[in-house]
Amino acid sequence: MTETVLFERKDNLAILTLNRPDQLNSIDEDMRNRLQSLLRELSNDADVRVILLKGAGERAFCAGADIKGFGKVDSTAGYRNQRLDGHWIHTFETVRQPIVAAIHGYCLGGGLEIAMACDIRIASEDAQLALPEVTHGIIPGAGGTQRLARLIGMGPALYMTLSAERIPAAEAHRIGLVSKVVPRAELETAAEQLATKIAGFPPLATRYAKEAVKRGFEMPYGDGMALEIGLSTLLTTTEDRLEAAAAFREKRKPVFKGR
Ligand code: CAA
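Per chain, residues are indexed from 1 in the order of the written sequence. In view of the model being predicted, local features appear only for residues whose pLDDT reaches at least 70, and side-chain atom pairs are presented and counted only at 80 or more, with totals across whole chains, interfaces and linings using the full set of residues. To obtain the side-chain values, all non-hydrogen atoms of the structure were included, while hydrogens and water were left out.

Trainee: Would you explain the site of the ligand in this entry?
Mentor: Arg59, Ala63, Ala65, Gly110 and His136 are the nearest of the 21 residues found near the ligand. Between Lys68 and the ligand, the recorded distance is 2.9 Å, taken from a side-chain N or O atom to an oxygen atom. The side chain of His136 places a nitrogen or oxygen atom 2.7 Å from an oxygen atom of the ligand. When the ligand is considered free in solution it has 980 Å² of accessible area, and contact with the protein chains removes 66% of it. Those elements that place two or more of their residues in the shell around the ligand are β6 (106-108) and α4 (110-117). Classification used: nonpolar for Ala, Val, Leu, Ile, Met, Phe, Trp, Tyr, Cys and Pro, charged for Asp, Glu, Lys and Arg, polar for all others including Gly. The residue inventory of the shell around the ligand, partitioned by class, reads eight nonpolar, six polar and seven charged. Near residues are defined by distance, with any heavy atom within 4 Å of the molecule or strand qualifying the residue. Under this definition, polar contacts are N or O atom pairs within 3.5 Å; protein pairs additionally need one hydrogen-donor-capable and one acceptor-capable atom, and for neighbouring residues in sequence, both atoms have to be side-chain atoms. Per-residue and other accessible areas were derived by the Shrake-Rupley procedure at a 1.4 Å probe size, with only the shown protein chains allowed to occlude residues. Secondary structure elements follow DSSP: runs of H or I of four or more residues count as helices, runs of E of two or more count as strands, with numbering from the N terminus.

So this is what it looks like as C-alpha cells:
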C-alpha cells in the first residue's frame with residue numbers, strides 16, 4: 001500500500017509529504033494517524049531541527065478532510081477523545097521544532113487548518129486557500145476558527161469563514177495568512193532553502209523562539225514577558241551561544257550542537 005505520508009530526512013531537516021495526490025491529498029484516517037505519530041516522534045528527536053510539510057502532486061497541498069468518509073465517524077466518541085487532548089491537528093502546535101508549510105494548489109478546510117497550525121507558510125502563485133466547512137453544514141473544528149482570527153484578525157477571519165470563498169495566494173499574502181509567495185516552479189526549493197537556513201541556527205534558540213511567540217501570544221502581557229525572560233535566560237547558559245560568539249570573533253562558520 002502507498003504511504004499516505006512520505007517521510008524523508010535531509011541532515012537536520014525532516015520532510016513530510018501528504019501523499020494522496022489522486023484525492024487531492026485529502027486527509028483520511030490513515031494519513032491522520034501517520035501524521036500524528038510522525039510528528040510525536042520527530043518532536044522528541046533532538047537531531048531534527050526543522051520540519052517541512054508539503055503536498056504531493058500538481059494540484060493540491062491538501063483539500064481538507066476526506067469528505068467521502070463523512071458520516072462514518074461517531075461524533076460523540078470523537079468529542080470524548082478530543083475533550084482533554086484537543087483535536088489531532090493540535091499536535092502540530094505541540095511539536096518543539098519550527099514547521100514550515102509549502103502550499104500549492106488547493107489548501108482547503110482541514111488542509112488550511114493544518115497549514116495554520118504550522119509556524120511559517122510559503123505559498124506558490126497557484127495556491128487557493130479557503131475554509132469551506134459551512135458549506136458542508138459544519139464549522140472549522142480543528143482550531144480553524146481560533147487560529148484564523150489570531151493570524152489575520154477577526155474581520156477577515158469572519159469573512160473567510162462565513163463566505164467560504166477561496167482566496168488566491170496574493171490575497172493570502174496581503175492579509176498575512178502566508179508569509180511569502182513564489183512561482184510554482186520555485187516553491188519546493190524556496191521552502192527547503194528557508195527550512196535549511198533555520199535548521200542551521202542554534203536549535204534551542206529556534207525552539208524557544210517558537211515557544212515564546214506561540215505560548216506567549218495566548219497569555220496576558222506580563223505572563224508572556226515572564227515566559228520570554230525565562231527562555232531568554234536559559235539560552236544564555238547554552239554552549240551554542242558561546243559558540244556563536246566565538247565563531248563571530250574568529251570569523252568562521254559556527255558549529256552548533258543543540259546544547
Ligand atoms: N475529500 C475526499 N475526496 C476529495 C476531496 C475531499 N476533501 N477533495 C477532492 N477529492 C477527490 C475528488 O472526489 C476526486 O476524486 P475521484 O476522482 O475519486 O472522484 C479527486 O479528489 C479530484 O477532485 P475533483 O474531481 O473534485 O477535482 P475538481 O478540480 O473538479 O475540484 C475541488 C477540486 C474544488 C477542490 C473539489 O474537489 C472540492 O470541492 N473538494 C472538496 C474541498 C472541501 O470542501 N474541503 C473541506 C472539507 S471539510 C474539512 O476539511 C473540515 C474538517 O477538517 C473536518
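Trainee: Quick question: what am I supposed to make of the pattern of salt bridges here?
Mentor: Opposite charge on two side chains permits them to pair, given that their charged atoms come into close proximity. In the sections that follow, a salt bridge refers to a side-chain nitrogen of Lys or Arg positioned within 4 Å of a carboxyl oxygen of Asp or Glu. A full pass over the atoms with the stated rule returns 18 salt bridges. A salt bridge links Glu211 to Arg215; its shortest N-O distance comes to 2.4 Å. With a gap of four residues between them, Glu211 and Arg215 both fall in helix α9 (residues 203-217), about one helical turn apart. Exposure is judged per residue with a 1.4 Å probe applied to protein chains only, and the accessible area is read against the type maximum: over 50% gives exposed, under 20% gives buried, and values in between give partly exposed. You can call Glu211 partly exposed: its relative accessible area is 24%.

Trainee: What should I look at first to understand the domain arrangement of the protein in this one?
Mentor: In many reports, interface size means the accessible area that the parts give up when they come together. These domain limits were set by an automatic method or by a database of domain assignments. Domain boundaries assigned for the protein yield domain 1 (5-199) and domain 2 (203-250). On a C-alpha basis, the centres of domain 1 and domain 2 stand 26 Å from each other. Only heavy atoms matter for contacts: two residues are in contact if any of them lie within 4.5 Å across the pair. Each partner contributes residues to the interface: domain 1 has 17 residues there, and domain 2 has seven residues. Here's the idea: put two parts together, see how much 1.4 Å probe accessible area each one loses, and the total over both is what we call buried area. For the domain 1 and domain 2 pair, buried surface summed over both sides reaches about 880 Å², with 46% attributable to carbon and sulfur atoms. Run the count over domain 1 and domain 2 and you get four salt bridges. Of the charged contacts in the structure, one is a salt bridge between Lys210 and Asp119, with a shortest N-O distance of 2.9 Å.

Trainee: Explain the pairing of strand β5 (residues 99-103) to me, please; I cannot follow it from the model alone.
Mentor: Each regular strand shows side chains that alternate between the opposite faces of the sheet. In terms of residue burial, β5 counts as a mostly covered element, since five of its five residues are buried. Of the two faces of β5, the one lined by Ile99, Ala101 and Ile103 and the one lined by Val100 and Ala102 are each fully buried. Here, strands pair whenever DSSP counts at least two bridges between them. Pairing geometry for strand β3 (residues 50-55) and β5, over three bridges, is parallel. Counted as the bridge partner of Ile51 is Ile99 from β5. For β5 and strand β7 (residues 120-124), the ladder comprises four bridges, and the chain directions are parallel. Pairing of Ile103 across the sheet is with Ala123, part of β7.

Trainee: Which parts of the structure should I look at to understand the pairing of strand β2 (residues 13-18)?
Mentor: Within β2, six of the six residues are buried, leaving the element largely enclosed by the surrounding structure. Residues Leu13, Ile15 and Thr17 of β2 are buried on one face, and the alternating residues Ala14, Leu16 and Leu18, pointing to the opposite face, are buried as well. Where strand β1 (residues 5-10) and β2 come together, six bridges link them in antiparallel fashion. Within β2, the residue paired with Arg9 across the bridge is Ala14. Here β1 hands over to β2 after two residues, with Asp11 in that stretch at a positive phi of 50°. Pairing of β2 with β3 involves six bridges; the strand directions are parallel. Across the sheet, residue Ala14 finds its bridge partner in β3, namely Ile51.

Trainee: What's the story with the sheet that holds strand β4 (residues 60-62) in this structure? I'm lost.
Mentor: The strands making up a sheet associate through hydrogen bonds between their backbones, and the pairing can be parallel or antiparallel. Judged by pairing direction, the sheet is mixed, and its four strands sit side by side in the order β4-β6-β8-β9 without closing on themselves. Looking at strand neighbours, the two that pair on one side only are β4 and β9 (167-168), the edges of this open sheet. As paired strands, β6 and strand β8 (residues 128-130) are joined by three bridges and run parallel to one another. Residue pairing in the sheet places Tyr106 in a bridge with Gln128 of β8.

Trainee: Is there a simple way to think about the sheet that holds β1 in this case?
Mentor: Sheet architecture is open: six strands sit in the order β1-β2-β3-β5-β7-β10, paired in mixed fashion. Where the open sheet ends on each side, the last strands, each with one partner, are β1 and β10 (180-182). Along the sheet, successive strands turn relative to each other by an average axial angle of 20°, direction set aside. Fitted lines through C-alpha atoms give the axes, limited to the stretch in contact for helices. The angle between two N-to-C directions lies from 0 to 180 degrees.

Trainee: Looking at this structure, I do not really get the environment of Leu42. What am I missing?
Mentor: Position of Leu42 among the secondary structure elements: in helix α1 (residues 29-43). Leu42 gets classed as buried once you look at its relative accessible area, which sits at 3%. Along the backbone, Leu42 and Pro132 are 90 residues apart, and their C-alpha atoms lie at a distance of 31 Å. The contact partners of Leu42, leaving out residues within four places of it in the chain, are Phe7, Ala14, Leu16, Val48, Ile51 and Gln97.

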